[in-house]
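Listed here are the chains, written in short residue letters.
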Amino acid sequence: MSCTDPSFFGQKKPLEYRISPDVLIKITTDAPRFVLGYWSIRGQPLRMMLSASRVPHWVAMYHVKEVQPEGWDKESWYKDKAWMSEEYNPFANLPFLIDTQTKIIICQTNAIYSYLGKELNMLGSNKIEAAKCEELLCEIYDLRNVMVGFAYNKSVSGDTAKKCLKSGIIHFQKFERHLQNYTGRSKGFLVGKRLTAPDFHLFEMYFQFDSLSKYYKIDDIALEKILPLLAENFQTFQSLKENQMYLNSSDLYTNLPFNNPYALFGSDSVTNGIYQRGKGVTKEIGTILLEFDRK
């Protein structure tokens, strides 16, 4: 035990030092304000939100490991979930957010978006914009559930992929009308003139549905043709300088799959197809240090 470890002096470890993820990415060498925990997959735009804010934070990733012949091991997460739910939050789940200042653990995706939005000034500039952000977050989560229902189904096909896309389009068309009618916003943003929490989640969901369309070659449901304003907004948001560190990071984004290995879409990080048991890329284990671009 190191003498720098608080438990060496009989003190209880701070929350951020109690977790035992498979991978811990420390972004900046400063003490973290936040620690965000989730599976080691790409589909977690809360990481993108934290990265864009440039707040010192850690990213905890939990692997789903193969157990032969057909099982899956989530033990690394279950170990942390046990003490979190017993001592801090009975609703402990992934994702979780540790606020090292207030010493709380927050769970549930939209609760974390709202909390970070307020703490990072990413939930609008007034109560009306804040309400719109909350509304959009709920709608995006409904959209997310469409994709989750498809990707984690017992079987998938071109026909079910097309059905998933059509269901997603119903939600996307609402955002298309929002972009057309909502006044007072700047290009690339859903609300107001700066980044807000729903921007990040909608970006990820547009990317996933667009990837689904391309993977199954469903050319008659091309998002950029059906949703021109949303497609333009996606491209503009993607090009923002605040998002470049995250989007270009192999540790946080480019080398990760959309979904866990038992998903039937987006579980292979290269093809976006199905993960092949026994043939997956060996995942890193340990601590990774990253720094914000100081420019």
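Residues numbered from 1 in each chain as written. Predicted model: local features only at pLDDT ≥ 70, side-chain atom pairs only at ≥ 80, totals over all residues. Heavy atoms only, no water.

Q: Just to check I follow, could you spell out the overall build of the protein for this structure?
A: Secondary structure summary: the protein contains 11 helices and eight strands in total. Taken over C-alpha atoms, the radius of gyration comes to 19 Å for the protein, in line with the 19 Å a tight globule of 295 residues would show. Across its three principal directions, the C-alpha atoms of the protein cover 65 × 55 × 40 Å. Classification of the 295 residues of the protein by burial places 52% in the buried group. Long-range pairs, those at least 24 residues apart, make up 68% of the contacts in the protein between residues at least 6 apart in sequence. Just so you have it, the protein exposes about 14,400 Å², and 52% of that area is on carbon and sulfur atoms. When the 36 positive and 33 negative side-chain charges of the protein are each reduced to one mean point, those points stand 2 Å apart. (Helix = DSSP H or I, 4+ residues; strand = E, 2+ residues; numbered from the N terminus. Rg over C-alpha atoms; globule rule 2.2 N^0.38 Å. Buried < 20%, exposed > 50% of the residue type's maximum accessible area, 1.4 Å probe, protein only. Contact = heavy atoms within 4.5 Å. Areas by Shrake-Rupley, 256 points an atom, 1.4 Å probe, with all protein chains shown as cover. Lys, Arg positive; Asp, Glu negative; His and termini not counted. Charge placed at Lys NZ, Arg CZ, Asp CG, Glu CD.)

Q: Can you walk me through the pairing of strand E3 (residues 57–62) in this structure?
A: Taken residue by residue, a regular strand's side chains alternate between the two faces of the sheet. The buried fraction of E3 amounts to six of the six residues, a majority that puts the element mostly inside the structure. In terms of strand pairing, strand E1 (residues 23–27) meets E3 through five bridges, oriented antiparallel. Counterpart to Val-23 in the pairing with E3 is Met-61. Note that strand E2 (residues 34–39) and E3 share six bridges and pair parallel. (Pairing = 2+ DSSP bridges.)

Q: Got a minute to help me understand the packing of helix H4 (residues 109–119) against helix H5 (residues 127–151) in this structure?
A: If you want to describe how two helices pack, look at the angle between their axes and the distance between the axes. For the pair H4 and H5, interaxial distance at closest approach is 10 Å and the crossing angle is 150°. As judged from the angle between their axes, H4 and H5 are roughly antiparallel. Relative to H5, H4 is oriented so that their crossing is right-handed. Residues Thr-109, Asn-110, Tyr-113, Ser-114 and Lys-118 of H4 touch H5, and the partners they reach there are Glu-134, Leu-137, Cys-138 and Tyr-141. Among the residues forming the contact of H4 with H5, the class breakdown is four nonpolar, three polar and two charged. (Axes fitted to C-alpha atoms, helices over the stretch in contact; angles between N-to-C directions. Parallel < 35°, antiparallel > 145°, perpendicular 65-115°, else oblique. Left-handed = near helix turned anticlockwise from the far one by under 90°. Nonpolar A, V, L, I, M, F, W, Y, C, P; charged D, E, K, R; others polar.)

Q: Could you clarify how one ought to interpret the nonpolar core in this entry?
A: What tends to happen in soluble globular proteins is that the nonpolar side chains get buried as a cluster. Core analysis: the largest hydrophobic core is formed by 71 residues, its most contacted members being Ile-25, Leu-116, Phe-172 and Phe-209. When neighbours within four sequence positions are excluded, Phe-172 is seen to be in contact with Leu-143, Leu-202, Met-205, Tyr-206, Phe-209, Leu-223, Leu-227 and Leu-230. Counting residues in each nonpolar core, the second largest holds 20 residues, with Leu-24, Trp-58, Ala-92 and Cys-107 among its members. (Core = buried A, V, L, I, M, F, W, Y, C linked by side-chain atoms within 4.5 Å.)

Q: When you look at the packing of aromatic side chains in this model, what are you seeing that I'm missing?
A: Remark: the centre distance and the inter-plane angle together describe each pair of aromatic rings, the angle taken between the planes. Under the criterion given, the structure shown has 22 aromatic pairs. Relative to Trp-77, the ring of Tyr-62 has its centre 5.4 Å away and its plane inclined at 70°; by these criteria the two rings are edge-to-face. On the criterion of sequence distance, the pair formed by Tyr-62 in strand E3 and Trp-77 in helix H3 (residues 75–87) is long-range, its members being 15 residues apart. Neither Tyr-62 nor Trp-77 differs from the other in exposure class; each is buried. When the ring centre of Trp-58 is taken as origin, the NZ or CZ atom of Lys-26, which lies over that ring, is 4.5 Å away. (Phe/Tyr/Trp six-rings, centres within 6.5 Å; stacked < 30°, edge-to-face > 60°. Lys NZ or Arg CZ within 6 Å of the ring centre and 35° of its normal.)

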